[in-house]
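Remarks on the overall topology
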Amino acid sequence: MAHVIVSPCVGVKDGSCIDVCPVDCIYTTDDEQQMFIEPDECIDCGACVPACPINAIFLEDRIPAGDQQYLEINAKFFEGKDMAALKLATKTAKRMINE
């Protein structure tokens, strides 16, 4: 079961989760307003959860009721994406708080 990033991340895009992820399964681009976790790459270690300063990361079966749509939003983000290009975009993407 993967983790999912939900509404508190929108517009914040801190990136602390990216820094601690041991498998680099968290992605974003300059155009996106939040981070996204690739569910097939996520190993459910939970390292991202305490790293998130805004409590925006949950196991998919523990997403708060008002944020259930983020399971689908997360899945759609990865549809048809070139993952190598997305990895590069994530490395170079600006973080709204940190930059």
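Heads up: these notes are all about the structure in this document. Nothing here was measured: the structure is a model prediction, and the numbers come from that model. (Residues numbered from 1 in each chain as written. Predicted model: local features only at pLDDT ≥ 70, side-chain atom pairs only at ≥ 80, totals over all residues. Heavy atoms only, no water.)

1. Focus: the overall build of the protein chain
Within the protein chain, the secondary structure is distributed over four helices and four strands. Each helix and strand of the protein chain, placed in order from N terminus to C terminus, yields the pattern β-α-β-β-α-β-α-α. In summary, the protein chain has a C-alpha radius of gyration of 12 Å against a globular reference of 13 Å for 99 residues, a match within 12%. Seen through its C-alpha atoms, the protein chain measures out along the principal axes to roughly 30 × 30 × 25 Å. The buried share of the protein chain, reckoned over its 99 residues, is 40%. For the protein chain, the exposed surface amounts to about 5,400 Å²; the carbon and sulfur share of it is 53%. Separation of charge centres in the protein chain, based on 8 positive and 17 negative side chains, amounts to 4 Å. (Helix = DSSP H or I, 4+ residues; strand = E, 2+ residues; numbered from the N terminus. Rg over C-alpha atoms; globule rule 2.2 N^0.38 Å. Buried < 20%, exposed > 50% of the residue type's maximum accessible area, 1.4 Å probe, protein only. Areas by Shrake-Rupley, 256 points an atom, 1.4 Å probe, with all protein chains shown as cover. Lys, Arg positive; Asp, Glu negative; His and termini not counted. Charge placed at Lys NZ, Arg CZ, Asp CG, Glu CD.)

2. Focus: the environment of Val23
Checked against the element boundaries, Val23 lands in the loop between helix 1 (16-20) and strand 2 (26-27). Residues Val23 and Ala56, 33 residues apart in the sequence, show an inter-C-alpha distance of 19 Å.

3. As for the side chain of Thr29
Within the secondary structure, Thr29 is located in the loop between strand 2 and strand 3 (36-37). The buried category is assigned to Thr29, whose relative accessible area is 17%. Aside from chain neighbours lying at most four places away, what touches Thr29 is Lys13, Phe77, Leu86, Ala89 and Ala93. (Contact = heavy atoms within 4.5 Å.)

4. A word on the nonpolar core
Judged by nonpolar contacts, the single largest core of 15 residues is most densely connected at Ile5, Cys17, Ile26, Met35, Ile37 and Ile57. With five residues, the next largest nonpolar core counts Tyr27, Phe36, Phe77 and Phe78 among its residues. (Core = buried A, V, L, I, M, F, W, Y, C linked by side-chain atoms within 4.5 Å.)

5. Things to note about the pattern of salt bridges
Any two side chains of opposite charge can pair, given that their charged atoms come close. One pass over the structure, following the stated rule, counts two salt bridges. Across the pair Glu72 and Lys76 runs a salt bridge whose closest N-O atoms are separated by 3.0 Å. Here the residue Glu72 and the residue Lys76 both occupy positions in helix 3 (residues 69-78), the gap between them amounting to four residues, near one helical turn. What makes Glu72 partly exposed here is its relative accessible area of 48%. On the basis of relative accessible area, Lys76 is assigned to the partly exposed category, the value being 48%. (Salt bridge = Lys/Arg side-chain N within 4 Å of Asp/Glu carboxyl O.)

6. Topic: the side chain of Lys13
Turning to its location among the elements, Lys13 is positioned in the loop between strand 1 (3-5) and helix 1. Here Lys13 is buried and forms no salt bridge, its nearest opposite-charge partner Asp30 lying at an N-O distance of 5.2 Å. A polar side-chain atom of Lys13 sits 2.6 Å from the main-chain carbonyl oxygen of Thr29. In terms of polar contacts, Lys13 uses its side chain to reach the backbone carbonyl oxygen of Glu32, at 2.8 Å. (Polar contact = N/O pair within 3.5 Å; in protein donor to acceptor, adjacent residues only side chain to side chain.)

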